[in-house]
Amino acid sequence: MEININCDLGEKSKHHSNKYDPDLLDIVNSANVACGFHAGDEESMNQVVQISKKNGVSIGAHPSFNDPENFGRQRMNLAPEEVRKLIIDQYEILQKIAQDHGENVTHIKPHGALNNMACEDIELATTLAKAINEISKDLIYLVPTGSKMEQAAKKLDMKIACEIFADRTYEDDGNLVSRKKPHALITDPEEAKKHVLSMVKNQALNCHSGKQIPCEIDSVCIHGDNESSLATARSIRENLIENGLHLKPLSQMEKFL
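In this structure the tally under the stated criterion is 17 salt bridges. Arg84 is the salt-bridge partner of Glu134, the closest N and O atoms lying 2.5 Å from each other. Highlighted residues: Glu134 in helix H5 (residues 122-135) and Arg84 in helix H3 (residues 80-100), separated in sequence by 50 residues. Taking relative accessible area as the criterion, Glu134 reaches 46% and is therefore assigned partly exposed. Lys154 is paired through a salt bridge with Glu216; the nearest N and O atoms lie 2.9 Å apart. Of this pair, Lys154 sits in helix H6 (residues 148-155) while Glu216 sits in the loop between strand S8 (212-214) and strand S9 (219-222); the two residues are 62 residues apart in sequence, bridging distant segments of the chain. Exposure remark for Glu216: the relative accessible area of 34% places this residue in the partly exposed category.

Right, dumping it as structure tokens:
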């Protein structure tokens, strides 16, 4: 069975350090690269693309609202045409840098509030899916499993990779537990690796209540903005390999070839 590990990278800003990006690029299979609208700049994009190429990591755009002040986490209500332009502009910024290194952007994963809103709102989800489909039908769309984003992409018969979060807990409706709640995050590496392996093997979300929700899982999102989460990321990778999973970049997974 194939599985992918993805991570949001190049998010250099006053809110976030990209100090651990080189370490994470030794662990993950696919990089979601900030395109300068919520974080990152030309230098950070070049760095991630360069190391990704060397490590065989596939490159994805991580587009967001144009809101560096709030790291793209503030909800904004934009017209469909504005949302479309956001996606296309950020893809093109990263694609130009990727091509300078002889690479291509092969997937897209929206960031922050844009992603959260589209998970709940089928109209916004449809706008995003149409914009990505317009860029190229070969692009892989990385979406939270069971979300409105997955529904909208399936209607357009897109290449869809469904992801789970390694360090987050789920409510009984399949949504992530709010970060405001004390049990929202999984910080123990042992717990995180068991959580991930169980979901991947069973193709089901583990809810905080103990309920399981059947779903498609192609990719595991890890976060690594400090040393302890780096250890968790390594532990998850090693555990998946030890249990017979084949780790692949999104662009090399059999379902997308």
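Anyway, onward from the coordinates.
In this section: unusual backbone geometry. The backbone of Phe71 shows a phi angle near 55°, a positive value even though the residue is not glycine. Within the fold, Phe71 resides in the loop between strand S3 (58-62) and H3.

Moving on: the layout of surface pockets. By volume, the second largest pocket amounts to about 210 Å³. In terms of lining, the second largest pocket is formed by 14 residues, of which the most central are Leu78, Val83, Asp121, Glu123 and Leu124. A total of three residues in the lining of the second largest pocket trace back to one element, the largest contributor, which is H5. The residue makeup of the lining of the second largest pocket, split by class, is eight nonpolar, two polar and four charged.

About the cut-offs
- Residues numbered from 1 in each chain as written.
- Predicted model: local features only at pLDDT ≥ 70, side-chain atom pairs only at ≥ 80, totals over all residues.
- Heavy atoms only, no water.
- Salt bridge = Lys/Arg side-chain N within 4 Å of Asp/Glu carboxyl O.
- Helix = DSSP H or I, 4+ residues; strand = E, 2+ residues; numbered from the N terminus.
- Buried < 20%, exposed > 50% of the residue type's maximum accessible area, 1.4 Å probe, protein only.
- 1 Å grid on protein atoms, 1.4 Å probe; cavity = no way out; pocket = protein on both sides within 12 Å on 5 of 7 lines; lining within 4 Å.
- Points joined across faces, edges and corners; volume = space filled by probe spheres on them.
- Nonpolar A, V, L, I, M, F, W, Y, C, P; charged D, E, K, R; others polar.

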